[in-house]
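# Chains, contacts and geometry: an overview
Here is what each chain is made of, one letter per residue.
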Amino acid sequence: MFYWLLKYVVLGPLLRLLFRPDVQGLANVPAAGPVILACNHLSFSDSIFTPLLVARRVTFVAKAEYFTGQGIKGRLMRRFFLATGTIPVDRSGGQAAQAALDTLLRVLGEGGIAGIYPEGTRSPDGRLYRGKTGVARLALESGAVVVPVALLNTDEIQPTGTLMPKIKRVRMRFGAPLDFSRYAGGRGDRFVERTITDEIMYELMAMTGRPYVDVYAVKKQPSPPVAAAPAGR
């Protein structure tokens, strides 16, 4: 209930007024049935703008650190993500990451919309990076269509590391649904999973116009402090 309150009463109208979304292709999101939204990832605000613009409920996963923050900011973030149905995921991999995919599979099994960032993390420099195959496993196991979603300028609105976004028109594009039913017998086949993932990433590259890098994205690390020069004698 709080999800719809935030979307249509509390937060949604204000965000639409301030950021005046420029959106194309929204009709490509099916009105019913399981759908995977595969988005490029530029900013923390990606997980806010995408659900705001889609009429149906969208469930994302987010890194577990968003749910464990301390202080007022940490509590507010935790309540926001829980209220909007976001699922925490341990990005260290293994069974924890699989549990998040299993939860998204349940969302898809109930005919819902699952949002996912195939790159696995925010781009450290604005380029598009190699996709991880979790999105392909979701498509194969659920039979859902995949709608590529291009976020074009959220890194300008809220660059990594900034708390307050800049007031600027947000630009997004929703591509035509991708149907991978031809690979229905390929569950567990790494070659098939890579082929599907690469096709999705190619669509995102074409839609965003961003350079593609065929390596996995690595979280940008802060620069080490510069040692002070020794005092003169």
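No experiment lies behind these values; they were computed from the predicted model shown.

## Observations concerning the nonpolar core
Core analysis: the largest hydrophobic core is formed by 27 residues, its most contacted members being Ile36, Leu138, Val146, Phe180, Ile196 and Ile200. Once residues lying within four places of it in the same chain are set aside, the contact partners of isoleucine 200 are Ala38, Val135, Val146, Leu178 and Phe180.

## Quick notes on the sheet that holds strand β8 (residues 171-174)
Judged by pairing direction, the sheet is mixed, and its seven strands sit side by side in the order β1-β8-β7-β2-β5-β3-β4 without closing on themselves. Looking at strand neighbours, the two that pair on one side only are β1 (22-24) and β4 (87-89), the edges of this open sheet. Shown here is a sheet whose adjacent strand axes are inclined to one another by a mean of 25°, direction ignored. In this sheet, β4 lies alongside strand β3 (residues 58-63) in parallel orientation, the contact comprising three bridges. If you follow lysine 63 over to β4, its bridge partner there is valine 89. Sheet strands touched by helix α3 (residues 46-53): β1, β2 (35-39), β3, β7 (145-151) and β8. Its angle to β3, the strand with the most contacts, is close to 175°. Packing of helix α6 (residues 134-142) onto the sheet brings it into contact with β2, β5 (113-116) and β7, and relative to β2 it is tilted by some 170°.

## Some details on the side chain of threonine 197
Secondary-structure assignment places threonine 197 in helix α8 (residues 190-208). Given the relative accessible area of 0%, threonine 197 is considered buried. For threonine 197, the side chain forms a polar contact with the main-chain oxygen of glutamate 193, separated by 2.8 Å. Those residues within four positions of threonine 197 in sequence are excluded, and the remaining contacts are Gly131, Lys132, Thr133, Val135 and Ala136.

## Let's talk about the pairing of β3
Each regular strand displays side chains that alternate between the two surfaces of the sheet. Most of β3 is tucked away: six of the six residues are buried. Residues Val58, Phe60 and Ala62 point to one face of β3 and Thr59, Val61 and Lys63 to the other, with burial holding for every one of them. The sheet contact formed by β3 and β5 spans three bridges and is parallel. Within β5, the position partnered with valine 58 by the bridge is isoleucine 113.

## Observations concerning the environment of glycine 188
Mapping glycine 188 onto the fold places it in the loop between β8 and α8. Each C-alpha atom of the pair glycine 188 and arginine 137 lies 7.8 Å from the other, and the pair is 51 residues apart in sequence.

## A closer look at the pattern of salt bridges
Under the defined criterion, the tally for this structure stands at seven salt bridges. Note that arginine 173 is salt-bridged to aspartate 22, the shortest N-O span being 3.5 Å. Taken as a pair, arginine 173 in strand β8 and aspartate 22 in strand β1 lie far apart in primary sequence, 151 residues in all. Here arginine 173 falls in the buried class, since its relative accessible area comes to 15%. Where arginine 127 meets aspartate 125, a salt bridge forms, and the shortest distance between an N and an O atom there is 3.0 Å. The partly exposed category is assigned to arginine 127, whose relative accessible area is 35%.

## Points about the pairing of β2
Burial analysis of β2 places five of its five residues in the buried class, the great majority of the element. The alternating pattern of β2 places Val35, Leu37 and Cys39 on one face and Ile36 and Ala38 on the opposite face, and all of these are buried. Both β2 and β7 contribute to a ladder of five bridges, which runs parallel. Residue alanine 38 lies in a different strand from β7, and its bridge partner there is proline 148.

Calculation criteria
All residue numbers here refer to positions counted from 1 along the written sequence of the relevant chain. With the structure being a predicted model, the display of local features is reserved for residues of pLDDT at least 70 and the display and counting of side-chain atom pairs for 80 or more, all residues being used for whole-chain, interface and lining totals. With hydrogens and water excluded, all non-hydrogen atoms of the structure serve as input to the side-chain values. By nonpolar core is meant a set of buried Ala, Val, Leu, Ile, Met, Phe, Trp, Tyr and Cys residues that side-chain atoms within 4.5 Å join together. The classification of residues rests on relative accessible area computed with a 1.4 Å probe and restricted to protein chains. Under 20% of the type maximum is buried, over 50% is exposed, and intermediate values are partly exposed. Any pair of residues with heavy atoms lying within 4.5 Å of one another is described as a contacting pair. Being paired, for any two strands, means DSSP has found at least two bridges between them. By the criteria applied, helices consist of DSSP H or I runs no shorter than four residues and strands consist of E runs no shorter than two, each listed in order from the N terminus. Inter-axis angles, ranging from 0 to 180 degrees, are taken between N-to-C directions of lines fitted to C-alpha atoms, where helices are fitted over the stretch in contact. For this analysis, a polar contact is any N or O atom pair within 3.5 Å, provided that within protein one partner can donate a hydrogen and the other can accept it, and provided that sequence-adjacent residues contribute only side-chain to side-chain pairs. Salt bridges, as used here, are contacts in which a Lys or Arg side-chain nitrogen is within 4 Å of a carboxyl oxygen on Asp or Glu.

Limitation: the analysis is restricted to geometry and does not speak to function.
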